[in-house]
Structure formats: structure tokens, C-alpha cells
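# Topology and contacts: notes
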Amino acid sequence: AATEVEAEERVFNQPYIQDYINSLGQRLAQASRRPDIAYQFKVIDTDDINAFALPGGFIYVNRGLIEEAGSEAELAGVLAHEIGHVAARHGAKRMSKLIALQLGFALFWELSEKERDEELGLMIADAIATGFLLKNSRDDERQADDLGTETLYYAGYDPIALAYFFFFFAKEHSPSAIETFLSTHPSPGERIQNVQALIATFPPNPQAITDTAAFQDIRQSLTGTRQSIQQYAPQNRL
């Protein structure tokens, strides 16, 4: 699936940006419930504001989303959310469902290894083209929010950042611009309530990371606009 995606999408060719995203992603992955996966984090060179995860820990974030994020904590929140999808095996479960629907498991395992690879390749290409592999249910999104919030907290970030990113995104963009992105997601208001309820069960962390110079430097290099680093304040984003 990763090979298929990277054949269709242009991976950003700036090593220092890829290194930054991979370093941030690996820090979060080690704080997740499945730290033993060989995660890969890559930036896709497109203005579209999106991120997605494939089974097995392949996580992609669009350049446009990095430019949209207001702080490292918000970007980390999106990555943690995608790690949550991997940890909960949402993509793998959809792929298993696709095999069951199209061939049936009995027939699939009767094929030779070469035939299984060929069938799987065709199904993956179709699943990506139709969006099936990346289309999460609202329940999946809620679970990824919960796992992402937990991962943010244990990685040392302000865990409310994920909910505020989606809230700010929905507030600042027209419905048509965010229709695809939010089509299967819970509403921003619901997300904030759910995340706040979960955060209330965590011990406070006054040292939680909100932003870094590294993030603002990366964002500046992408947007060409100098952004001063300010203490992350949810009320400023709302």
C-alpha cells in the first residue's frame, strides 16, 4: 500500500523536513500502545490539509497540514491520532474485510503465495483509489482520538492540542473546504468534550510541551512567513 501511495503522490524532497517529521513521529510512537512497530513518517508535497495512516505503521502528513498547524503540539496531535489508527489496527481490519468480501478467506489462503500477492496488490490499489482503505468510521475516529490524546500526554505534549487543531480548522475554513476531511469525523465540539473528559483522568503536567523553535523554523521554511513562538494558549486558537 505504501508503494502504491508513493507511486501516486510526490513525497517532499527536503531531507531536514522529513527528518523533523520522522523524529517527532518516532517520539510519539514510542509513547503509544504499539511502540514495537517499524513506523515510517513522510511528508507529501501537496497543499491539501490531511494526514493518513496505512497498516503496519506507514504514516503520511501533507505539507498543507504542517503549514496549517499553529504549534508543534497541534502537529503532534494529528500524528498521534494517526498512530492511534495503527495501534487499533483500523486499516488492517478494513483490509481483512475487503479480502473477505471479494474472495473469502478460505479461497484466499488456497492461492499460492504469488497469487495471493497479486490479488492483494490489485485489492490494495483499488482500496486506495476508492478511498476504502483510508475511510474510517466515526467510532474508529473516536478511538483514534482517545489513543492519540493518551499518546500526546505520555510523550510530554499538551494533550488538548489535537482537539483544538480540529476546532480551529473547522472554524477558519468553509464547509466545502473541509467536507472531505471531516466527513467521517466527529464534530469539533464533540471531540473537544471527549478529549477534555479523558484529559481530566490524567495527572496535570505543567511542563507539557506546547511549541518549539524547530517547528516554527520548519513552518517558516514552508510558508515563507516568520511566526513568533508564543506560549500555546487554547483560548487564542478559539
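Small disclaimer: the values here were computed from a predicted structure and weren't measured.

## Comments concerning the nonpolar core
Residues Leu28, Val61, Ile66 and Leu75 are the most contacted members of the largest nonpolar core, which totals 39 residues. Looking at this core, the elements with two or more residues in it are helix 2 (15-30), strand 1 (40-44), strand 2 (51-54), strand 3 (58-62), helix 3 (63-68), helix 4 (72-87), helix 9 (161-172) and helix 12 (213-223). With eight residues, helix 4 is the single largest residue contributor to this core. Leucine 28 has contacts with Ala76, Leu79, Ala80, Ile83, Thr151, Leu152, Ala155 and Tyr157, leaving out every residue within four places of it along the chain.

## A closer look at the sheet that holds strand 3
Ordered by their spatial adjacency, three strands build an open sheet running 1-3-2, and the pairing between neighbours is mixed. Only two strands of the sheet have a single partner each, and these edge strands are strand 1 and strand 2. Taken over all neighbouring pairs, the strand axes of this sheet differ in orientation by 20° on average, direction set aside. Set on the sheet, helix 2 makes contact with strand 1 and strand 3; between it and strand 1 the angle comes to about 140°. Together, strand 1, strand 2 and strand 3 form the strand contacts of helix 4, whose direction differs from that of strand 2 by roughly 25°.

## Details of the pattern of salt bridges
One pass over the full model with this rule turns up eight salt bridges. The shortest N-O distance in the salt bridge between glutamate 6 and lysine 42 comes to 3.0 Å. In this pair, glutamate 6 sits in helix 1 (residues 2-8) while lysine 42 sits in strand 1, placing the two residues 36 residues apart along the sequence. A salt bridge links glutamate 150 to arginine 33, with the shortest nitrogen-to-oxygen separation between them at 2.8 Å. With glutamate 150 in helix 8 (residues 138-154) and arginine 33 in the loop between helix 2 and strand 1, this residue pair connects regions lying 117 residues apart in the sequence.

## Things to note about the packing of helix 4 against helix 8
Interhelical geometry of helix 4 versus helix 8 gives an angle of 120° and a closest axis separation of 7 Å. By the angle between their directions, the pair helix 4 and helix 8 is classed as oblique. By crossing handedness, the relation of helix 4 to helix 8 is classed as right-handed. The residues of helix 8 that touch helix 4, namely those facing Ala73, Ala76, Gly77, Ala80, His81, Gly84, His85 and Ala87, are Asp140, Glu141, Ala144, Asp145, Leu147, Gly148, Thr151 and Leu152. When the residues that make up the contact of helix 4 with helix 8 are grouped by side-chain class, the tally is seven nonpolar, six polar and three charged.

## Observations regarding helix 7 (residues 113-130)
Between its terminal C-alpha atoms helix 7 stretches 25 Å, which fits the 26 Å expected from 18 residues at 1.5 Å a residue. Looking one or two places after helix 7, you find glycine 131, whose phi comes out positive at around 85°.

## Things to note about unusual backbone geometry
The phi dihedral of arginine 89 falls on the positive side, at around 60°, and the residue is not glycine. With relative accessibility at 42%, the residue arginine 89 sits in the partly exposed group.

How each quantity is defined
Residues numbered from 1 in each chain as written. Predicted model: local features only at pLDDT ≥ 70, side-chain atom pairs only at ≥ 80, totals over all residues. Heavy atoms only, no water. Core = buried A, V, L, I, M, F, W, Y, C linked by side-chain atoms within 4.5 Å. Buried < 20%, exposed > 50% of the residue type's maximum accessible area, 1.4 Å probe, protein only. Helix = DSSP H or I, 4+ residues; strand = E, 2+ residues; numbered from the N terminus. Contact = heavy atoms within 4.5 Å. Pairing = 2+ DSSP bridges. Axes fitted to C-alpha atoms, helices over the stretch in contact; angles between N-to-C directions. Salt bridge = Lys/Arg side-chain N within 4 Å of Asp/Glu carboxyl O. Parallel < 35°, antiparallel > 145°, perpendicular 65-115°, else oblique. Left-handed = near helix turned anticlockwise from the far one by under 90°. Nonpolar A, V, L, I, M, F, W, Y, C, P; charged D, E, K, R; others polar. Expected span 1.5 Å × (residues − 1).

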